[in-house]
Amino acid sequence: MILKSLEFENYRNLLHTVINPDEGINVICGENAQGKTNILECIWLFTGGRSFRGAKENELIRFGEKYSRIKIEFFSEERDQTLEFMIQNGKRKAVLNDVPKQYLSQIIGKFCAVVFSPNHLSLIKDGPEERRGFIDGALCQIKPSYAVTVTRYRRILNERNALLKDIPRQRELEDTLEVWDRRLASEGAAAAAERIKYMNKLIPTAFAFYDGISGGREKLELQYKMNFGGTEDMSVPELEEALYNSLRKRRSDDIYCGYTTAGIHRDDIIVRINGKDSRAYGSQGQQRSAVLALKLAEAATLGREKGESPIILLDDVLSELDPSRQDYLLRRLSGMQVFITCCEQTVRAENVFRVTDGAVACIEKNEDLSDE
Ligand SMILES: Nc1ncnc2c1ncn2[C@@H]1O[C@H](COP(=O)(O)OP(=O)(O)O)[C@@H](O)[C@H]1O
Ligand SMILES: [Mg+2]
């Protein structure tokens, strides 16, 4: 996948420009609060995902303006393509290759990227929600139909939770739980099976990356942990049975709590380094290496499954890594199109952009670098 051009109009503080990145490493440098991360965020939006900064659509529009229009030209599936977004009234509308799309979900998987920022340390340090978000985000790009399954699961879960809250006041409603449990188990099992399949591909890759980063001194172990009694070797019907049984068994607990205590919305990835839980016992350096390995594995898995490498977005991460890990990262990413933001330009790159108060200028082009 190659991003050939990026145009932004009324996007955050960025001035209306078209930039033409290089197929290799693109460095985006500038002082703080100039608009570097805004560029990466803008590129990321074309994956169909939500802003990695958690921004709402309206916050993306330049202050005082009513809309924002952003557009990319990219090369994928052996042809030139375009994707354009109109952001207005809290909504993002997509036009793919000049065809307007009704739903954003219709463009997921067309333009693929992996983003890595210092915030991603939360993948190890924070709760299970972060790690579920990691699997779900990665899987949606590989298999867009997974997003549909998860959305359906969410909807059923919300209905069931609403019902659980009503039951104490209207006991006769309890009988209707059966229907929701069946439906939740069916969607949940389909999603869990996809997550297991994905993790089986990711785990050996992440293991190898961590081995490389630690110079073979440490071992990274990952395990997808289901809280409803499901195990990795189960078939979809077996997962469904396990989830259904778990929901049934916990009905009275769930009514008491007012929400659903079992299901794929409570699962987790266990991350161990040398046999110890990295969240509780990992040093800062080990945690950083683990995130790096996970992110590299995400990119490699996505590339393998899609048959082309995703775009890599590195937001302020290089300065957080020591020189040997920086070096490792850049070596692993060679051959991919990479965007790196930083304050001081320290990396040799094909293209260097400087951002000054929202104005983006290409200040250096090294055409011959890739031939070395
Ligand atoms: N909707 C918006 N309209 C105009 N400016 C914005 C908007 N959202 C953020 N900004 C500005 O963008 C700048 C931050 O950009 P950012 O990309 O985070 O900077 P950095 O170069 O440090 O990565 C700030 O100056 C902020 O005021
Ligand atoms: Mg920034």
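Residues numbered from 1 in each chain as written. Chains lettered and ligands numbered in written order. Predicted model: local features only at pLDDT ≥ 70, side-chain atom pairs only at ≥ 80, totals over all residues. Heavy atoms only, no water.

Q: Outline the layout of surface pockets, supporting the account with residue identities and numerical values.
A: In this structure, the largest pocket occupies an estimated 1600 Å³ of space. Lining of the largest pocket is provided by 42 residues; of these, Arg50, Gly133, Phe134, Asp136 and Gly137 occupy positions nearest its centre. Looking at the lining of the largest pocket, the elements that each hand over two or more residues are β8 (113-116), α2 (122-125), α3 (128-142), α4 (144-166) and α9 (284-306). Looking at the lining of the largest pocket element by element, the count peaks at ten residues for α3. A class-by-class count of the residues in the lining of the largest pocket yields 15 nonpolar, 15 polar and twelve charged. (1 Å grid on protein atoms, 1.4 Å probe; cavity = no way out; pocket = protein on both sides within 12 Å on 5 of 7 lines; lining within 4 Å. Points joined across faces, edges and corners; volume = space filled by probe spheres on them. Helix = DSSP H or I, 4+ residues; strand = E, 2+ residues; numbered from the N terminus. Nonpolar A, V, L, I, M, F, W, Y, C, P; charged D, E, K, R; others polar.)

Q: Describe the sheet that holds strand β2 (residues 17-19), and please don't skip the residues or the numbers.
A: Read across the open sheet, the six strands follow the order β2-β1-β4-β5-β6-β7; overall the sheet is antiparallel. Among the strands making up the open sheet, the edge pair consists of β2 and β7 (99-101). Within the sheet, the average angular offset between the axes of one strand and its neighbour, ignoring direction, is 20°. Packing of helix α1 (residues 36-45) onto the sheet brings it into contact with β1 (2-9), β4 (67-76), β5 (79-88) and β6 (91-96), and relative to β1 it is tilted by some 110°. (Pairing = 2+ DSSP bridges. Axes fitted to C-alpha atoms, helices over the stretch in contact; angles between N-to-C directions. Contact = heavy atoms within 4.5 Å.)

Q: With reference to specific residues and values, describe the pattern of salt bridges.
A: In total, this model carries 26 salt bridges according to the counting rule given. Residue Arg69 is joined to Glu7 by a salt bridge in which the shortest nitrogen-to-oxygen separation is 2.7 Å. Taken together, the positions of Arg69 in strand β4 and Glu7 in strand β1 put the pair 62 residues apart, joining distant regions of the chain. For Arg69, a relative accessible area of 18% puts it in the buried group. With a shortest N-O distance of 3.0 Å, Arg288 and Glu320 are connected by a salt bridge. In this pair, Arg288 is assigned in helix α9 and Glu320 in the loop between β12 (311-315) and α10 (323-332), connecting sequence segments 32 residues apart. (Salt bridge = Lys/Arg side-chain N within 4 Å of Asp/Glu carboxyl O. Buried < 20%, exposed > 50% of the residue type's maximum accessible area, 1.4 Å probe, protein only.)

Q: Please give an account of the environment of Ile340 that cites residues and values.
A: Mapped onto the secondary structure, Ile340 falls in strand β13 (residues 338-342). Residues Ile340 and Glu218, 122 residues apart in the sequence, show an inter-C-alpha distance of 28 Å. Not counting chain neighbours up to four residues away, the residues in contact with Ile340 comprise Ile25, Asn26, Val27, Ile28, Leu314, Leu318 and Leu330.

Q: Pulling in residues and values, what's your account of the site of ligand 1?
A: Taken together, 15 residues form the shell around ligand 1, and within it Ala33, Thr37, Asn38, Arg53 and Ile61 come nearest. Residue Arg12 places a side-chain N or O atom 3.3 Å away from a nitrogen atom belonging to ligand 1. At 3.1 Å from an oxygen atom of ligand 1 is found a main-chain nitrogen or oxygen belonging to Gln34. Across the complex, the protein chains shield 77% of the 580 Å² of accessible surface that ligand 1 would expose by itself. Classifying every residue of the shell around ligand 1 by side-chain character gives three nonpolar, six polar and six charged. (Near = heavy atom within 4 Å. Polar contact = N/O pair within 3.5 Å; in protein donor to acceptor, adjacent residues only side chain to side chain. Areas by Shrake-Rupley, 256 points an atom, 1.4 Å probe, with all protein chains shown as cover.)

Q: Account for the packing of α3 against helix α5 (residues 177-213), with residues named and values stated.
A: The geometry of α3 relative to α5 is characterised by a closest axis approach of 10 Å and an angle of 90° between their N-to-C directions. In terms of orientation, α3 lies roughly perpendicular with respect to α5. Contact with α3, carried on its side by Arg132, Phe134, Ile135, Asp136, Ala138, Leu139 and Ile142, involves Glu194, Arg195, Tyr198, Met199 and Leu202 of α5 and no other residues of that element. Here the residues of the contact of α3 with α5 sort into eight nonpolar, no polar and four charged. (Parallel < 35°, antiparallel > 145°, perpendicular 65-115°, else oblique.)

Q: For α1, give the residues involved together with the corresponding values.
A: Each turn of an α-helix holds 3.6 residues, which means side chains three or four residues apart point in the same direction. Burial analysis of α1 places ten of its ten residues in the buried class, the great majority of the element. Of all the residues in α1, the buried ones are Lys36, Thr37, Asn38, Ile39, Leu40, Glu41, Cys42, Ile43, Trp44 and Leu45.

Worth remembering: the numbers are spatial, not functional.
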